[in-house]
Amino acid sequence: MSISSENATEQDLMSCIVKENLPRHVAITMDGNGRWATRRDLPRTEGHKAGVKSVKSAVELCGELEIMVLTLYAFSSENWKRPALEVNALMNLLLEQLKEETPELNEKNIQLKAIGDLSKLPGKVTRELNRSMKITRNNTGLILNLALSYGGRQEIVRVTQSIANDVNNGKIKIKDINEKLFSKYLYTAGLPDPDLIIRTSGEMRISNFLLWQLAYSEIYVTDTLWPDFSKKEFLLALLSYQKRNRRFGGV
Ligand code: IPE
Ligand code: IPE
Ligand code: MG
């Protein structure tokens, strides 16, 4: 079925999804909260609050479609540069959402994971995060992977240090270092690389997200700001993905 995206309903788009051709792993750079708020003469923090419902609908859709992993870029290693007021508001929002949503994540068989330099997060956030991850660790449905205080370069440096350490203490030999071994040292060890990366708010850049893992991911950028990213918008991204011809350097 071919449908024009403006008139299509969520159900119309859903009926076009080919289940066998869905990404196993979707990564999203949830961008544009600040602009969403500024356009409404609201403080930027209101944009972050408004973004929570888009997180919920994205998680719900991935659950419905039985997608294996959803990685959400929620806070970058560079976002610490923002004013303390905004950083605190984001940390408090995260804390509040972890407390509120963990029971429902658990009911929905969702496993929560986190990647990034979690040691930089405030203690109360780390504690709540660890608690939520522990509660949901045996769940077998969607893996909801939060990128928090995450930077791709930092991740690669960290891997390099760990590998150098293991060479030093004789656990591995230099000749054993290859892409497969390297991947085992990443925060995302054990997860497939993202098949699809979505970025909202129209910015055409990577912003230090999953530098190693995105090598062959399909890219989808929408002008829609994150708080307006509905299930319908997500379905449009998935349908765009389903039209791609992934060659991985072949013909
Ligand atoms: C994304 O929205 C959320 C975070 C980076 C935490 P922004 O806050 O970057 O929103 P814009 O890009 O300024 O509009
Ligand atoms: C990327 O967005 C990080 C997150 C969405 C968490 P930014 O708003 O920080 O990226 P830049 O500054 O526009 O590159
Ligand atoms: Mg931004």
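You'll find the structure just up there.
These lines cover the structure that appears in this document, whether it is placed above or below. (Residues numbered from 1 in each chain as written. Chains lettered and ligands numbered in written order. Predicted model: local features only at pLDDT ≥ 70, side-chain atom pairs only at ≥ 80, totals over all residues. Heavy atoms only, no water.)

### Notes on unusual backbone geometry
Applied cut-off: Only runs of H or I of at least four residues qualify as helices and only runs of E of at least two qualify as strands under DSSP, and these elements are numbered from the N terminus.
Its identity as a non-glycine residue notwithstanding, Asn-109 has a phi of 65 degrees, on the positive side. Residue placement: Asn-109 occurs in the loop between helix 4 (84-107) and strand 3 (111-115). Positive phi values are uncommon outside glycine, yet Phe-248 reaches one of about 50 degrees. The topology assignment puts Phe-248 in the segment after helix 8 (231-242).

### Here's the deal with the site of ligand 1
Selection criterion: Here a residue is considered near a molecule or strand provided that any single heavy atom belonging to it is located within 4 Å of it. We define a polar contact as two N or O atoms separated by no more than 3.5 Å, with the added condition that, inside protein, one atom must be a possible hydrogen donor and the other a possible acceptor, whereas residues neighbouring each other in sequence contribute only through side-chain atom pairs. Note on areas: these come from Shrake-Rupley sampling with a 1.4 Å probe, and a residue is covered only by the protein chains present in the view. Under the grouping applied here, Gly and all other residues not named as nonpolar or charged are polar, the nonpolar ones being Ala, Val, Leu, Ile, Met, Phe, Trp, Tyr, Cys and Pro and the charged ones Asp, Glu, Lys and Arg.
Around ligand 1, the structure places 13 residues, and the nearest of them are Asp-31, Gly-34, Arg-35, Arg-44 and Arg-82. In this structure, Asp-31 approaches ligand 1 through a side-chain N or O atom, which is 2.8 Å from an oxygen atom. Measuring from an oxygen atom of ligand 1, one finds a backbone N or O atom of Arg-35 at 2.7 Å. About the coverage of ligand 1: the protein hides 87% of its 380 Å² of free accessible area. Contributions of two or more residues to the shell around ligand 1 are made by helix 2 (33-38), helix 3 (44-64) and helix 4. Here the element with the most residues in the shell around ligand 1 is helix 2; it accounts for 3 residues. Across the shell around ligand 1, the residue classes break down as 3 nonpolar, 5 polar and 5 charged.

### Quick notes on the packing of aromatic side chains
For the record, the criterion: Aromatic pairs are defined between Phe, Tyr and Trp rings, using the six-membered ring for Trp, whenever the two ring centres lie within 6.5 Å; interplanar angles under 30 degrees are classed as stacked, those over 60 as edge-to-face, and all others as tilted. Accessible area is worked out with a 1.4 Å probe on protein chains only. A residue is then buried under 20% of its type maximum, exposed over 50%, and partly exposed in between. For a ring to carry a charge above it, either NZ of a lysine or CZ of an arginine must fall within 6 Å of the ring centroid while also lying within 35 degrees of the normal to the ring plane.
Within this structure, the stated rule accounts for 9 aromatic pairs. Geometrically, the ring pair formed by Phe-75 and Trp-80 is edge-to-face, given 4.7 Å between the ring centres and 70 degrees between the ring planes. Assessed through its relative accessible area of 28%, Trp-80 is described here as partly exposed. Chaining the aromatic ring pairs together yields one cluster made of Tyr-73, Tyr-150, Tyr-187 and Phe-209. Over the face of the ring belonging to Trp-36 we find Arg-40, whose NZ or CZ atom lies 3.9 Å from the ring centre.

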